[in-house]
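Understanding the architecture of this molecule
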Amino acid sequence: MNVNFSVNGEAASVDVEPDTPLLWIIRDHLGLTGTKFGCGMAMCGACTVHLDGARTFSCQIQARSLEGRDITTIEGLSPEGPEGDVHPIQRAWIDEQVPQCGFCQPGQMMAALDLLNRNPSPTREEIVVHMNSNLCRCGTYPRIVKAIQAAAEEMQA
Ligand code: FES
Ligand code: FES
């Protein structure tokens, strides 16, 4: 089937099987490899993107439900790349030196941004509860909390 949608503000069109996961479309058809495959079972959050402004596991969304939808991936946070304006979430991740292996971190940042978009000043407990959706085998959870608190302050300044 042919499906038309937008990714990071740009129109996109792909011809795929109706049950093709959004994660495959993002990575294999559009070449946006920042979004990661972890479990494929809605259990890890590595594949987190925003769909119509809310976080979602892209491994669980099929092509048949994408027509006209609006998708944001980690690449959409800083369209100019590292040489341009870096999103406050990514700046906080750098400043707090959050990543270890880094594999889970794009999904972590997309989940964090979803929280701050809806709750600009979350408590520590609200951060921990919200981020329960995203696993990190390297155990960077304390630094993720600090980075979200720092990003929240910067985004409100
Ligand atoms: S790859 Fe989608 S939740 Fe793990
Ligand atoms: S930084 Fe390695 S899995 Fe999270």
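1. Regarding the side chain of His-87
With respect to the helices and strands, His-87 occurs in the loop between strand E5 (70-72) and helix H2 (88-95). Polar contacts involving the side chain of His-87 include one to the main-chain amide nitrogen of Ile-89, which spans 2.9 Å. Discounting chain neighbours no more than four positions away, the residues touching His-87 are Leu-77, Ser-78, Leu-113 and Met-155.

2. Quick word on the domain arrangement of the chain
The figure often quoted for interface size is the accessible area lost as the parts come together. Here the chain is partitioned into domain 1 (2-77) and domain 2 (88-156). The straight-line distance from the C-alpha centre of domain 1 to that of domain 2 is 21 Å. The interface is formed by 18 residues belonging to domain 1 together with 14 residues belonging to domain 2. Approximately 1400 Å² of surface area, both sides summed, lies buried where domain 1 meets domain 2, with 62% of it carried by carbon and sulfur atoms. For the interface between domain 1 and domain 2, the tally reads one salt bridge. The salt bridge involving Asp-114 is made with Arg-55; its shortest N-O contact spans 3.7 Å.

3. Thoughts on the packing of H2 against helix H5 (residues 141-156)
Between H2 and H5, the shortest axis-to-axis distance is 8 Å and the interhelical angle comes to 135°. Taken together, the axes of H2 and H5 lie oblique to each other. Classified by chirality, the crossing of H5 by H2 is right-handed. On H5, the residues touching Pro-88, Ile-89, Arg-91, Ala-92 and Trp-93 of H2 are Ile-144, Ala-147, Ile-148, Ala-150, Ala-151, Glu-154 and Met-155.

4. Things to note about unusual backbone geometry
Of note, Asn-8 is a non-glycine position whose phi angle comes to about 55°, a positive value. Among the structural elements, Asn-8 can be located in the loop between strand E1 (2-7) and strand E2 (10-15). Given a relative accessible area of 27%, Asn-8 falls into the partly exposed group. At Ala-42, a position not held by glycine, the phi torsion is positive, near 60°. Residue placement: Ala-42 occurs in the loop between helix H1 (22-29) and strand E3 (48-51).

5. Some points on the pairing of E1
Two elements, E1 and E2, share six bridges in a ladder whose sense is antiparallel. Across the sheet, residue Val-3 finds its bridge partner in E2, namely Val-14. Hairpin connection from E1 to E2: two residues lie between these consecutive antiparallel strands, with Asn-8 at a positive phi of about 55°. With two bridges joining them, E1 and E5 adopt parallel strand pairing. When the bridges of E5 are listed, Ser-6 appears paired with Asp-70.

6. Digging into the pattern of salt bridges
Applying the stated criterion across every chain yields a total of four salt bridges. A salt bridge links Lys-146 to Glu-96; its shortest N-O distance comes to 3.8 Å. With Lys-146 in helix H5 and Glu-96 in the loop between H2 and helix H3 (105-118), this residue pair connects regions lying 50 residues apart in the sequence. Judged by relative accessible area, Glu-96 falls into the partly exposed class, the value being 24%. Connected through salt bridges with shared partners, the residues Arg-55, Asp-114 and Arg-118 form a single ionic network.

The rules behind these values
Residues numbered from 1 in each chain as written. Chains lettered and ligands numbered in written order. Predicted model: local features only at pLDDT ≥ 70, side-chain atom pairs only at ≥ 80, totals over all residues. Heavy atoms only, no water. Helix = DSSP H or I, 4+ residues; strand = E, 2+ residues; numbered from the N terminus. Polar contact = N/O pair within 3.5 Å; in protein donor to acceptor, adjacent residues only side chain to side chain. Contact = heavy atoms within 4.5 Å. Domains from an automatic or database assignment. Buried area = accessible area lost by both parts, 1.4 Å probe. Salt bridge = Lys/Arg side-chain N within 4 Å of Asp/Glu carboxyl O. Axes fitted to C-alpha atoms, helices over the stretch in contact; angles between N-to-C directions. Parallel < 35°, antiparallel > 145°, perpendicular 65-115°, else oblique. Left-handed = near helix turned anticlockwise from the far one by under 90°. Buried < 20%, exposed > 50% of the residue type's maximum accessible area, 1.4 Å probe, protein only. Pairing = 2+ DSSP bridges.

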